[in-house]
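Residues per chain are reported as follows:
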Amino acid sequence: MKSKMLVVLAAAVSLLIFSGSVMAHHGVAGYDLTKTITLHGTVSKFDWSNPHVVVYVDAKNDSGEIQHWTIEFASPVHMVRAGWSKNAMRAGDDIAIDTHPSRNGAPVGISSTITFILKTVVNGQDLPSRSD
């Protein structure tokens with residue numbers, strides 16, 4: 001009887017763990033894919049890690065105030081396949097980046113999925129891009 005309980009408990013825990021990772025993947029619903037904006041600023045951090053590559057950009061808004069943007073890209077493996085590397089940029093680099101902004105107005109955007117990579121220019125050099 002105890003072994004059956006352990007099997008049931010192990011199965012339940014496994015389902016909970018698996019369902020958490022599935023729920024964590026959010027898709028692009030929070031971004032306005034019909035709108036593209038261009039940010040020009042400075043890279044404050046470049047995070048080349050799973051599940052998504054992320055670049056943090058300090059860019060001035062229309063009022064001249066610095067906004068701290070978080071821009072999401074596809075996973076590192078997809079970015080490598082597109083011609084990017086973990087050395088594509090670093091903190092302090094000058095960046096001009098096209099992004100689809102968040103729907104709620106937060107300084108968050110998406111510039112890449114497995115189907116597209118919007119234009120990104122770092123220190124005057126175009127990084128590989130791809131449209132749908």
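All chains use their own residue numbering, which begins from 1 and follows the written sequence. Predicted model: local features are reported for residues with pLDDT of at least 70 only, side-chain atom pairs are reported and counted for 80 or more only, and whole-chain, interface and lining totals are derived from all residues. Side-chain measures were taken over the full set of non-hydrogen atoms in the model, leaving aside hydrogen atoms and water.

So, about the overall build of the protein chain. To qualify as a helix, a DSSP run of H or I must reach at least 4 residues; to qualify as a strand, a run of E must reach at least 2; elements of each kind are numbered from the N terminus. Secondary structure assignment for the protein chain yields 2 helices and 7 strands. To sort residues, take the accessible area from a 1.4 Å probe on protein chains only and compare it with the maximum for the residue type: under 20% means buried, over 50% means exposed, and anything in between is partly exposed. Within the protein chain, buried positions represent 33% of all 132 residues. Every residue pair with non-hydrogen atoms within 4.5 Å of one another is taken to be in contact. Long-range contacts, defined here as pairs at least 24 residues apart, represent 57% of the contacts in the protein chain between residues at least 6 apart. Looking at the protein chain as shown, the accessible area adds up to about 8,400 Å², and 59% of this sits on carbon and sulfur atoms. Surface accessibility in these figures is a Shrake-Rupley result with a 1.4 Å probe; residues are shielded only by whichever protein chains are displayed.

Pairing of aromatic side chains here covers Phe, Tyr and the six-membered ring of Trp, requires ring centres within 6.5 Å, and sorts the geometry by plane angle: under 30 degrees stacked, over 60 edge-to-face, intermediate tilted. Per the counting criterion, the structure on display carries 2 aromatic pairs. Relative to W84, the ring of F73 lies with its centre 5.0 Å away and its plane at 50°, an arrangement referred to as tilted. Of this pair, F73 sits in the loop between β3 (66-72) and α2 (76-81) while W84 sits in the loop between α2 and β4 (94-101), and the two are 11 residues apart along the sequence.

This part is about the side chain of S111. Position of S111 among the secondary structure elements: in the loop between β5 (108-110) and β6 (120-122). We classify S111 as buried; its relative accessible area is 0%. Side-chain polar atoms of S111 contact the backbone oxygen of D98, separated by 2.6 Å. What S111 contacts, discounting residues up to four positions off in sequence, is I71, E72, F73, I97, D98, T99, F116, I117 and L118. Counting of polar contacts relies on pairs of N or O atoms within 3.5 Å, with two restrictions inside protein: one atom must be capable of donating a hydrogen and the other of accepting it, and residues adjacent in sequence are counted only when both atoms are side-chain atoms.

This part is about unusual backbone geometry. Cis geometry marks the peptide bond from N50 to P51, where omega comes out at 5°. If you trace the backbone, P51 turns up in the loop between β1 (37-47) and β2 (54-60). Although it is not a glycine, N123 sits at a positive phi angle of roughly 50°. Structurally, the position occupied by N123 is in the loop between β6 and β7 (125-126).

Bridge analysis of β1 against β2 gives 6 bridges, and the strand direction is antiparallel. By the bridge assignment, D47 is partnered in β2 with V54. Counting the residues that bridge the hairpin from β1 to β2 gives 6 residues. Where β2 and β3 come together, 7 bridges link them in antiparallel fashion. Bridge pairing links D58 to H68 in β3. A strand pair is defined by DSSP finding two or more bridges across the two strands. Linking β2 back to β3 in an antiparallel pair, the connection comprises 5 residues, with G64 at a positive phi of about 85°.

Before going further, it helps to examine the pairing of β1. Bridging between β1 and β4 involves 6 bridges; their strand directions are antiparallel. Note on β4: the bridge partner recorded for H40 is A96.

Our focus in this paragraph is the nonpolar core. Core analysis: the biggest nonpolar cluster contains 21 residues, and V55, I71, F73, W84, M89 and I95 have the highest contact counts within it. Mapped onto this core, the elements with two or more residues apiece are β1, β2, β3 and β4. Aside from chain neighbours lying at most four places away, what touches I95 is L39, H40, G41, T42, V43, V55, V57, M89, T120, V121 and V122. Remark: nonpolar core denotes a set of buried residues (Ala, Val, Leu, Ile, Met, Phe, Trp, Tyr, Cys) joined through side-chain atoms within 4.5 Å.

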